[in-house]
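Given next are the chains, with one letter for each unit.
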Amino acid sequence: MQHQRLAARNVREGHLYRLIPRRSLTFSTLTGQQTQLSTGEILLGVTVLTIITASKTAPALYELAATLDGEQKVFIVPQHKVILQKESMKEQR
């Protein structure tokens, strides 16, 4: 099964993707709880909530929703640190 690797300009808010980190990522909650996602992992069922364009002082970001550690979470990640691949309709069920 072939999956299309999308350029950031082809990513759409509200659509489902699989997330492949380009390098290990660590996410922290407001209470300090941490979740790590390594380069060998693929996170399925990721919804793009917001696409934040780059500015002079900040990189382009994605606001994403996914299940991490068994809980639904929202997190922000720099676009250059992840690859998003569109999930097929079969995978979304």
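Residues numbered from 1 in each chain as written. Predicted model: local features only at pLDDT ≥ 70, side-chain atom pairs only at ≥ 80, totals over all residues. Heavy atoms only, no water.

Across all of its chains, the model carries 1 aromatic pair by this definition. Geometrically, the ring pair formed by Phe27 and Phe75 is tilted, given 4.5 Å between the ring centres and 50° between the ring planes. One end of the pair, Phe27, is in strand E2 (residues 25-28); the other, Phe75, is in strand E6 (residues 71-78), and 48 residues separate them in sequence. On the accessibility criterion, Phe27 (12% relative accessible area) is buried. When its relative accessible area of 6% is taken as the criterion, Phe75 is described as buried. The ring centre of Tyr17 lies 5.4 Å from the NZ or CZ of Lys86, which sits over that ring. (Phe/Tyr/Trp six-rings, centres within 6.5 Å; stacked < 30°, edge-to-face > 60°. Helix = DSSP H or I, 4+ residues; strand = E, 2+ residues; numbered from the N terminus. Buried < 20%, exposed > 50% of the residue type's maximum accessible area, 1.4 Å probe, protein only. Lys NZ or Arg CZ within 6 Å of the ring centre and 35° of its normal.)

Taken together, 5 strands build an open sheet; the order of strands is E6-E5-E4-E1-E7 and the sheet is antiparallel. The strands lining the two open edges of the sheet, one partner per strand, are E6 and strand E7 (82-86). Going across the sheet, the axis of each strand differs from the next one's by a mean of 40°, ignoring polarity. Sheet topology note: the strand E1 (residues 16-21)/E7 ladder contains 5 bridges and is antiparallel. Paired with Arg18 across the two strands is Gln85, which belongs to E7. (Pairing = 2+ DSSP bridges. Axes fitted to C-alpha atoms, helices over the stretch in contact; angles between N-to-C directions.)

The subject of this paragraph is the pairing of E6. As paired strands, strand E5 (residues 61-68) and E6 are joined by 8 bridges and run antiparallel to one another. In the sheet register, Tyr62 faces E6, and the bridge partner there is Val77. Between E5 and E6, which pair antiparallel and follow one another directly, the connecting turn spans 2 residues, one of which, Asp69, has a positive phi of 55°.

Okay, the pairing of E2 next. Burial along E2 is one-sided: Leu25 and Phe27 are buried, while Thr26 and Ser28, pointing the other way, are not. As defined by bridge partners, E2 adjoins strand E3 (residues 34-37) across 4 bridges and the pair is classed as antiparallel. Looking at the pairing, Ser28 lines up with Gln34 of E3. The antiparallel hairpin formed by E2 and E3 contains 5 residues in its connecting segment, where Gly32 sits at a positive phi of about 95°.

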